[in-house]
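In case you want the letters, here they are:
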Amino acid sequence: MDLDVFVSAHRAEWDRLEALLRRQRRLNGAEADELVTLYQRTATHLSLIQSSAPDPQLTGRLSQLVARARSAVTGTRRASWRDVTRFLAHGFPAAVYKSRHWWVPTALLSTAVAALLGWWIGTHPEVQASIAAPSELRELTRPGGQYETYYSSHPAASFAAQVWTNNAWAAALCLILGVFLGLPVLWILFQNMLNLGIGVGLMSSAGRLDTFLGLVLPHGLLELTAVFVAAGTGLRLGWTLIDPGPRTRRTALAEEGRAAIGMAIGLALVLFVSGAIEGFVTPSGLPTWARITIGVAAEVAFLAYVYVLGGRAARAGETGDVEAAERSATVPTAA
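Okay, so let's go over this structure. Since this is a predicted model, take the numbers as computed values, not measurements.

## Section: the overall build of the chain
Part 1: Assigned secondary structure in the chain consists of 13 helices and zero strands.
Part 2: The helix and strand sequence of the chain, counted from the amino end, reads α-α-α-α-α-α-α-α-α-α-α-α-α.
Part 3: A compact globule built from 335 residues should have a C-alpha radius of gyration of about 20 Å, whereas the chain, at 26 Å, is more than 25% larger.
Part 4: In terms of overall dimensions, the chain has C-alpha extents of about 80 × 40 × 35 Å along its principal axes.
Part 5: For the chain, the proportion of contacts with a sequence separation of at least 24, taken over those separated by at least 6, is 77%.
Part 6: In the structure as shown, the chain presents an accessible area of about 17900 Å², 63% of it carried by carbon and sulfur atoms.

## Quick notes on the nonpolar core
Part 1: Of all hydrophobic cores here, the largest spans 37 residues; its most connected members are Phe 92, Val 96, Met 263, Leu 267 and Phe 302.
Part 2: Those elements giving two or more residues to this core turn out to be helix 4 (81-98), helix 5 (100-122), helix 9 (156-177), helix 10 (183-205), helix 11 (209-242), helix 12 (249-281) and helix 13 (288-315).
Part 3: Among the elements that line this core, the one with the most residues is helix 11, at nine residues.
Part 4: Grouped together as the second largest cluster of nonpolar side chains are 17 residues, Leu 17, Leu 38, Leu 65 and Val 66 included.

## Here we look at helix 10
Part 1: End to end, helix 10 covers 33 Å across 23 residues, agreeing with the expected 33 Å (1.5 Å per residue, within 8%).
Part 2: Of the residues making up helix 10, those classed as buried are Val 185, Ile 188, Leu 189, Met 193, Gly 197, Gly 199, Val 200, Gly 201, Leu 202 and Met 203.
Part 3: Buried residues in helix 10 make contact with helix 5, helix 6 (125-131), helix 7 (134-141), helix 8 (146-149), helix 9 and helix 11.
Part 4: Count one or two residues on from helix 10 and you reach Gly 207, which has phi positive near 75 degrees.

## Comments concerning the environment of Pro 54
Part 1: The topology assignment puts Pro 54 in the loop between helix 2 (29-52) and helix 3 (56-74).
Part 2: Linking Pro 54 and Ser 8, residues 46 residues apart in sequence, is a C-alpha distance of 16 Å.

## Observations regarding helix 1 (residues 3-22)
An α-helix turns once every 3.6 residues. As a result, residues three or four positions apart point the same way.
Part 1: For helix 1, built from 20 residues, the straight-helix expectation of 28 Å at 1.5 Å per residue is met to within 8% by its first-to-last C-alpha distance of 26 Å.
Part 2: Along helix 1, the residues classified as buried are Phe 6, Val 7, His 10, Glu 13, Trp 14, Leu 17, Leu 20 and Leu 21.
Part 3: The inward-facing, buried residues of helix 1 abut helix 2 and helix 3.

## Regarding the packing of aromatic side chains
Part 1: Counted by the stated rule, this structure contains nine aromatic pairs.
Part 2: Ring centres 6.4 Å apart and planes at 40 degrees place the aromatic pair Phe 302 and Tyr 305 in the tilted group. One end of the pair is Phe 302 and the other is Tyr 305, both in helix 13 and three residues apart, which spans about a single turn.
Part 3: Three or more aromatic residues joined by ring pairs form one cluster here, namely Phe 87, Phe 92, Phe 302 and Tyr 305.
Part 4: A cation sits over an aromatic face here: Arg 100 above Tyr 97, 3.9 Å from the ring centre.

## Focus: the pattern of salt bridges
Part 1: Here the structure, examined in full by the defined rule, presents ten salt bridges.
Part 2: Between Asp 15 and Arg 61 there is a salt bridge, with the nearest N and O atoms lying 2.8 Å from each other. A residue pair is termed long-range when its members are at least 10 positions apart, and Asp 15 in helix 1 and Arg 61 in helix 3 qualify at 46 residues.
Part 3: The class of Asp 15 is partly exposed, set by a relative accessible area of 36%.
Part 4: By relative accessible area, Arg 61 is classed as partly exposed at 28%.
Part 5: Note that Arg 208 is salt-bridged to Glu 148, the shortest N-O span being 2.3 Å. With Arg 208 in the loop between helix 10 and helix 11 and Glu 148 in helix 8, this pair connects stretches of sequence that are 60 residues apart.
Part 6: Residue classification places Glu 148 among the partly exposed positions, given a relative accessible area of 25%.

About the thresholds
Residues numbered from 1 in each chain as written. Predicted model: local features only at pLDDT ≥ 70, side-chain atom pairs only at ≥ 80, totals over all residues. Heavy atoms only, no water. Helix = DSSP H or I, 4+ residues; strand = E, 2+ residues; numbered from the N terminus. Rg over C-alpha atoms; globule rule 2.2 N^0.38 Å. Contact = heavy atoms within 4.5 Å. Areas by Shrake-Rupley, 256 points an atom, 1.4 Å probe, with all protein chains shown as cover. Core = buried A, V, L, I, M, F, W, Y, C linked by side-chain atoms within 4.5 Å. Buried < 20%, exposed > 50% of the residue type's maximum accessible area, 1.4 Å probe, protein only. Expected span 1.5 Å × (residues − 1). Phe/Tyr/Trp six-rings, centres within 6.5 Å; stacked < 30°, edge-to-face > 60°. Lys NZ or Arg CZ within 6 Å of the ring centre and 35° of its normal. Salt bridge = Lys/Arg side-chain N within 4 Å of Asp/Glu carboxyl O.

Quick look at the structure:
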């Protein structure tokens, strides 16, 4: 594209659109129709320039012009409870469902890595010795030791809030850092699996694996699922940089990035539930079977939410992105 020729051919339309937007009086019918037409043309011009001959100064001017025109055409839109309901009932579960081909394999491979690390640590005393001194290991694994008292070491409410904050931050990092080709996501995921593997290995070597699982499973099923969803989504975002498919790389990253932001909000709610279980159920005096049953019920409810509500919404065309009217204008691309 010859940018100078393109600008010369369409500058009059942009100037006219700007003049209409500056009008202090109410537009008449013909002017309103002209405004809509010029807005649509300018949005198309912006997409063409961004994809074919990006120029920062021109792109900035047209982006501002298109944003002002869109506001004039559609009016200011306010968030409402309808948006919250749509997000929770359709957008979030659909986004999780559509990314299942990433987070389900991530969950299976990560669980296998944690189990392998646990077996390696539990069957190799020299590895255990490199983790801590024998006296410290005994203090960790003995009845009433640190692994057991950890969940009741603080008041339930403050402990639940702390756990929720830490886990929500870890999930957000997986989603944000996915744009760096997913490499930081793999490191965060490995650190989580290493911590889990160390606990499994040390407690199994002390003959107390059942106690450890009884403490971890009530909250850990839902918590780890949320981490796996975040990691899988982050890896998917990183892969978009490599292979955006039929979309332009800019458009693909914008769509996947907006869905990832929505995913972060939804996962924060999921992790709030797991944090509440960890703060109030895990250290409670309930029998182990009752605590695990609560954890399994929460996990089954989340999976049903994703696969039933999310699957139905995804098949209806929901992607987890914002509504079409809120997206930037784009031009068609060849498949």
